[in-house]
Amino acid sequence: MEIALYKVEAKATWCPGCGDFAVLRALQIALASLELNPKDVVIVSGIGCSSNLPGFLNSYGFHGLHGRAVPVASGIKLANHDLNVIIAGGDGDGYGIGLGHFIHAMRRNLDITYVVMNNQVYGLTTGQAAPTSEKGMLTKSTPQGVLEGPVNPIALALVSGATFVARGFSGDADHLAKLTEDGIKHKGFSLIDIMSPCVTYNRQNTYQWFRERVYRLEEDNHDVLNMDQALKRSREWEDRIPLGIFYKDTKPTYESGEQVLKDMPLVHQPIDRTVELVKELIQDFT
Amino acid sequence: MPLPKSEVVVRTAGAAGDGIAATGETFAKVCSRSGLHVFAYNSYQSVIRGGFVWLQVRAGRTKVQSHGAGTDFLIALNSRELERHANDVVKGGGILYNKDKVKPKPGLIRDDITQYALPVLDITAKHGKNPILQNTVALGALVKILKIDFSVLSGVLSDTFGSRKKAALEANLAVSQAGYEYAETFETVDFALDLDYNTRRPVMTGNQALALGAVAAGCKFYAAYPMTPASSILHWLAATSTRTGILVKQAEDEIAVLNMAIGAAFAGVRSMVGTSGGGFSLMSEAIGLAGQTETPVVIISSQRGGPSTGLPTKTEQADLFQALGASQGDYPKIVLAPSTVDDCFSSIVEAFNLAEKFQVPVIVLSDLYLSEHMESLDGIDLDFSIERGEFAKPDVGSIDSKNGFKRYAFTESGVSPRSFPGRAGTVFQASSDEHDDAANIISDVFTDEEMRTRMFQKRMRKMERILPELAPPRLEGKNAADLTLIGWGSTYGMIREAVSTLGEEGMTLNHLHIKYMLPFHAKQVKEILESCRNTLTVESNYTGQLSRLIRMETGFDIKHQLLKYDGEPFYPGQIITKVREVNN
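Residues numbered from 1 in each chain as written. Chains lettered and ligands numbered in written order. Predicted model: local features only at pLDDT ≥ 70, side-chain atom pairs only at ≥ 80, totals over all residues. Heavy atoms only, no water.

1. Overview of the overall build of chain B
And step 1. A tally of helices and strands in chain B yields 19 helices and 21 strands.
And step 2. By the compact-globule yardstick of 25 Å for 584 residues, chain B fits well, its C-alpha radius of gyration being 26 Å.
And step 3. Counting over 584 residues, chain B shows a buried share of 62%.
And step 4. Total accessible area on chain B stands at roughly 21400 Å², and carbon and sulfur atoms take up 50% of it.
And step 5. If you average the places of the 60 positive and of the 66 negative side-chain charges in chain B, the two averages end up 3 Å apart. (Helix = DSSP H or I, 4+ residues; strand = E, 2+ residues; numbered from the N terminus. Rg over C-alpha atoms; globule rule 2.2 N^0.38 Å. Buried < 20%, exposed > 50% of the residue type's maximum accessible area, 1.4 Å probe, protein only. Areas by Shrake-Rupley, 256 points an atom, 1.4 Å probe, with all protein chains shown as cover. Lys, Arg positive; Asp, Glu negative; His and termini not counted. Charge placed at Lys NZ, Arg CZ, Asp CG, Glu CD.)

2. Overview of the packing of helix H1 (residues 20-33) of chain B against helix H4 (residues 133-145) of chain B
All names here are of chain B.
And step 1. The geometry of H1 relative to H4 is characterised by a closest axis approach of 10 Å and an angle of 25° between their N-to-C directions. Taken as axis vectors, H1 and H4 run roughly parallel relative to one another. With respect to the hand of their crossing, H1 and H4 are arranged in right-handed fashion. Taken together, the residues of H4 that come into contact with H1 (itself represented by Ile-20, Thr-23, Thr-26, Phe-27 and Val-30) are Asn-135, Leu-139, Leu-142 and Val-143.
And step 2. In terms of residue class, the contact of H1 with H4 is made up of six nonpolar, three polar and no charged. (Axes fitted to C-alpha atoms, helices over the stretch in contact; angles between N-to-C directions. Parallel < 35°, antiparallel > 145°, perpendicular 65-115°, else oblique. Left-handed = near helix turned anticlockwise from the far one by under 90°. Contact = heavy atoms within 4.5 Å. Nonpolar A, V, L, I, M, F, W, Y, C, P; charged D, E, K, R; others polar.)

3. Brief notes about the interface of chain B and chain A
And step 1. Across the contact, 72 residues belong to chain B and 56 residues belong to chain A.
And step 2. Buried surface at the junction of chain B and chain A, summed over both partners, amounts to about 5100 Å²; 68% is from carbon and sulfur atoms.
And step 3. Seen at the junction of chain B and chain A, the total is three salt bridges.
And step 4. With a shortest N-O distance of 3.9 Å, A:Glu280 and B:Arg243 are connected by a salt bridge.
And step 5. Elements that contribute at least two residues to the side of chain B that touches chain A include exactly H1, strand E7 (203-205), helix H7 (206-217), helix H9 (241-244), strand E9 (247-250), helix H10 (254-266), helix H11 (277-293) and strand E15 (429-431) of chain B.
And step 6. Here the element with the most residues in the side of chain B that touches chain A is H10(B); it accounts for eight residues.
And step 7. Residue composition of the side of chain B that touches chain A, grouped by class: 36 nonpolar, 19 polar and 17 charged.
And step 8. The sheet contact formed by strand E2 (residues 60-63) of chain A and E15(B) spans three bridges and is parallel. Looking at E15(B), one finds that A:Phe62 is bridged to B:Ala430. (Buried area = accessible area lost by both parts, 1.4 Å probe. Salt bridge = Lys/Arg side-chain N within 4 Å of Asp/Glu carboxyl O. Pairing = 2+ DSSP bridges.)

4. Some points on the packing of helix H4 (residues 99-108) of chain A against helix H5 (residues 153-160) of chain A
Residues and elements named next belong to chain A.
And step 1. Relative orientation of the contacting elements H4 and H5 amounts to 40°, with a least axis distance of 8 Å. The angle between H4 and H5 falls in the class oblique. For the pair H4 and H5, contact is made by Leu-99, Phe-102, Ile-103, Met-106 and Arg-107 and by Pro-153, Leu-156, Ala-157 and Ser-160, respectively.
And step 2. By residue class, the composition of the contact of H4 with H5 is seven nonpolar, one polar and one charged.

5. A look at the sheet that holds strand E11 (residues 297-303) of chain B
Residues and elements named next belong to chain B.
And step 1. One open sheet accounts for seven strands, arranged E9-E8-E10-E11-E13-E12-E19; its pairing is mixed. The strands lining the two open edges of the sheet, one partner per strand, are E9 and strand E19 (516-518). The mean angle between the axes of side-by-side strands here comes to 20°, regardless of whether they run parallel or antiparallel.
And step 2. Bridging between strand E12 (residues 334-336) and strand E13 (residues 361-367) involves three bridges; their strand directions are parallel. Of the residues in E13, the one forming a bridge with Ile-334 is Val-362.
And step 3. Strands in contact with helix H13 (residues 341-358) are strand E10 (271-275), E11, E12, E13 and E19; relative to E11, the strand with the most contacts, it is inclined by about 140°.

6. Notes on the side chain of A:His63
And step 1. Within the secondary structure, A:His63 is located in strand E2.
And step 2. Contact partners of A:His63, with chain neighbours within four places excluded, come to A:Ser45, A:Gly46, A:Ile47, A:Ser51, A:Asn52, B:Gln429, B:Ala430, B:Ser431, B:Ser432, B:Asp433 and B:Ile441.

7. Focus: the packing of aromatic side chains
And step 1. Taken as a whole and assessed by the stated rule, the structure comprises 25 aromatic pairs over all chains.
And step 2. Judged by centre distance (5.8 Å) and plane angle (80°), the ring pair of A:Tyr60 and B:Phe428 falls under edge-to-face. Residue A:Tyr60 is found in strand E2, and its partner B:Phe428 is found in the loop between strand E14 (374-376) and E15; the two belong to separate chains.
And step 3. Here A:Tyr60 falls in the buried class, since its relative accessible area comes to 0%.
And step 4. Residue classification places B:Phe428 among the buried residues on the basis of a relative accessible area of 1%.
And step 5. Ring centres of A:Phe169 and A:Phe210 lie 5.4 Å apart, and the angle between their planes is 40°; on these two criteria the pair is classed as tilted. With a gap of 41 residues between them, A:Phe169 in strand E7 (residues 164-169) and A:Phe210 in helix H7 (residues 207-211) connect regions that are remote in the sequence.
And step 6. Put simply, the rings of A:Tyr60, A:Phe62, B:Phe266, B:Phe405 and B:Phe428 touch in pairs and so form one group of aromatic residues.
And step 7. In this arrangement the basic side chain of B:Arg11 is found over the ring face of B:Trp54, its NZ or CZ atom lying 4.7 Å from the centre. (Phe/Tyr/Trp six-rings, centres within 6.5 Å; stacked < 30°, edge-to-face > 60°. Lys NZ or Arg CZ within 6 Å of the ring centre and 35° of its normal.)

8. Let's talk about the nonpolar core
And step 1. Residues A:Ile76, B:Phe221, B:Leu237, B:Leu258, B:Met272, B:Met517 and B:Ile550 are the most contacted members of the largest nonpolar core, which totals 147 residues.
And step 2. Counting residues per element, this core draws most heavily on H13(B), which supplies ten residues.
And step 3. Among all residues touching B:Leu258, those that are not within four sequence positions of it are B:Val273, B:Met283, B:Ala286, B:Ile287, B:Val297 and B:Ile299.
And step 4. Counting 82 residues, the second largest nonpolar core, distinct from the first, contains B:Cys31, B:Leu82, B:Ile145 and B:Leu169. (Core = buried A, V, L, I, M, F, W, Y, C linked by side-chain atoms within 4.5 Å.)

9. Let's talk about the domain arrangement of chain B
All names here are of chain B.
And step 1. Split by domain assignment, chain B resolves into domain 1 (7-185), domain 2 (203-376), domain 3 (390-470) and domain 4 (475-583).
And step 2. When each unit is reduced to the centre of its C-alpha atoms, the spacing between domain 2 and domain 3 is 26 Å.
And step 3. Across the contact, 21 residues belong to domain 2 and 28 residues belong to domain 3.
And step 4. Around 2000 Å² of area is buried between domain 2 and domain 3 when both sides are counted, 58% of it from carbon and sulfur atoms.
And step 5. The interface formed by domain 2 and domain 3 holds four salt bridges in total.
And step 6. Our enumeration of links across domain 2 and domain 3 arrives at 13 residue pairs in polar contact (both at pLDDT 80 or more).
And step 7. Breaking the side of domain 2 that touches domain 3 down by element, the ones donating at least two residues are H11 and H13. (Domains from an automatic or database assignment. Polar contact = N/O pair within 3.5 Å; in protein donor to acceptor, adjacent residues only side chain to side chain.)

10. Some remarks on H7(B)
Residues and elements named next belong to chain B.
And step 1. Taking 1.5 Å as the rise per residue, H7 with twelve residues should run 16 Å; its terminal C-alpha atoms sit 16 Å apart, in good agreement.
And step 2. Taking burial as the measure, the twelve residues of H7 include twelve buried ones, the bulk of the element.
And step 3. Residues Gly-206, Asn-207, Gln-208, Ala-209, Leu-210, Ala-211, Leu-212, Gly-213, Ala-214, Val-215, Ala-216 and Ala-217 constitute the buried set of H7.
And step 4. After H7 finishes, the residue Gly-218 shows a positive phi value of roughly 80°. (Expected span 1.5 Å × (residues − 1).)

As structure tokens, then:
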């Protein structure tokens, strides 16, 4: 399908040079390549610069509360598992306020793709420390430097049961589009953590900083089926930063184990014979 | 010693882990299958073993509306509980106990009470060492004392254990029969209970009725996090899920619970959640999200003693203002409070219809007493329809393009025809941010004040349409009364009983029970109250929340208040005492 099908009139409101433009483009390319009809795609987001993404892409969307995109997306998928459900948001939204939902979603393994635009800073609220900010980073809320160590989303995803764990980089657009496509195609919970530099509030982790460090796992003799290797690679950061798929697994999805969804998605199940059902159930109480 | 009574109150007292709830349910069903009306309340604590647990079943030939006060028969499962409850047994009543385990101190049991000492060890020896069998022995004996046919008890036990737990069923049948036969030697008391084995009313708790209401309404998605006293909704819906087709999801916390339900509702299915005050606090932000995105969802909050963790296993009605004020900003929502078990059933059906017709969150306020007490029902109202509201007629021929479909179209009613993902021709984005009629966000870059105002008015217009759909409150009883009792929620039955008891004494009282808290029938309530000679609210909270709401909505000052916040439900006797005091 044409990429144009996934475009809308509204212009993205991100700062010129923002890494999120590449993520939007990667999603549009992936959807076109997978020939998904916009009516069958739902992009769910929370709050933050990157969470505005659903507004810039032609598909169904749900732009919800800060940190709560994951449970909304889970509810949508459970109600209609024929839909392609994609979550898009930032690191503060997903790894900060929404961290609990993130971990539970991975152990649940619904067939959902989670695209995190990780810029290691809070952008929309004008530059405070994020849970991913590096130790010592100077921000508006940490003028003496961040005292906490950063969350490692890749390691967290690996130990929490995500069945597709990958890292992308907004400065490597083609690679990112391919990763996004693989993530959507994967049956199960996919995390794509995307280093998406904030050109306004993060002067430390810039495109240039990443370019000096990134390498592709697929070109470095990495076995995506090996959890131990994946965990080891997930700890690389300072000098070398791996991009690509860390780990893939083929565990059954949550929806495939749910008895109620055996025949058809919930939304298509009829609700016109409830009186008969109630009459039958009342027998249990007499 | 004949006691010509038309009802009987039976209390079983022991500790958590003694199987009191199951015994109570069995006895309640026995009574119901004997044609009696039943009401049962379980008083317990937050422990799995130990504590002080008692369950009281009241059964009568006419409708019983509370668990009653004076106990006719006590089944004491240990000496401590015998000491605690012996004096609550009325003159002419009886106490059943396991004589191997319970040794009453001399003088503890009054002379006007019959003692039924059961040799439980002898009776159960052949049937294993399960200590809970002592309850069954006592049940067998009690059924004999009450002159109920043994086949009723054996029938209930057979249905409870079913064919799957054959050994347990056999043991229970044998020891209950032995208890029944042993009681033949007992002196009987004459309870004039006209039994009718052909009438069988269903017996269920408020929570079961709420859950059954969800089945009736075509609910397809229920999410919850365990929290007393809402958990039994989760348990029942989970146990029946494959029969009802309702997907039940226990989530990681109540924030996830409501956001999931909103997601499912956005995707087109009827969705419900259940919690208590603490979980409701966590849901607050998402309730506003449902209001703003115009996503229909039903939220049950079953109140317990607050604040904070408060009294987790005790009843209270102190979350009215929490429900009314939940979430930031003004947005349309409905708050209603059912008052009886059958009302729980109908209220959920109504809540779903209102939620979908008006695309708003509907909060259903229950409380522990209503949620957990068992009641026999005269009949559930199955004459209802499922109204899903207006759906957009999509232009399926067109290529899907976002913002072509006006999801939040300006209409006179404020209700915009909705759609959901998967449908062609209606692609749109629901948004927590303020948006225009085509769902474009207008909060960023440029705030469109005129659009904001119009969109706000569109949403809020729905409230004006909702009020006429709700049944207006009405006075029950005579119009000209010396005193009007006013309540909401679970106090309904106790107020009715107090009004009727005092009516027999010649007092003229009437009763106003309020179900719809938001939107509020301000005009009607004001008219009613201004016609009253004297007014008294009866509520389980400290600050008189209903009185405050009435004053806020109508300017009317309720004259007297009966407030209770010790965790236990009202007894009709407490209301009667207060009424006498006020009427003096």
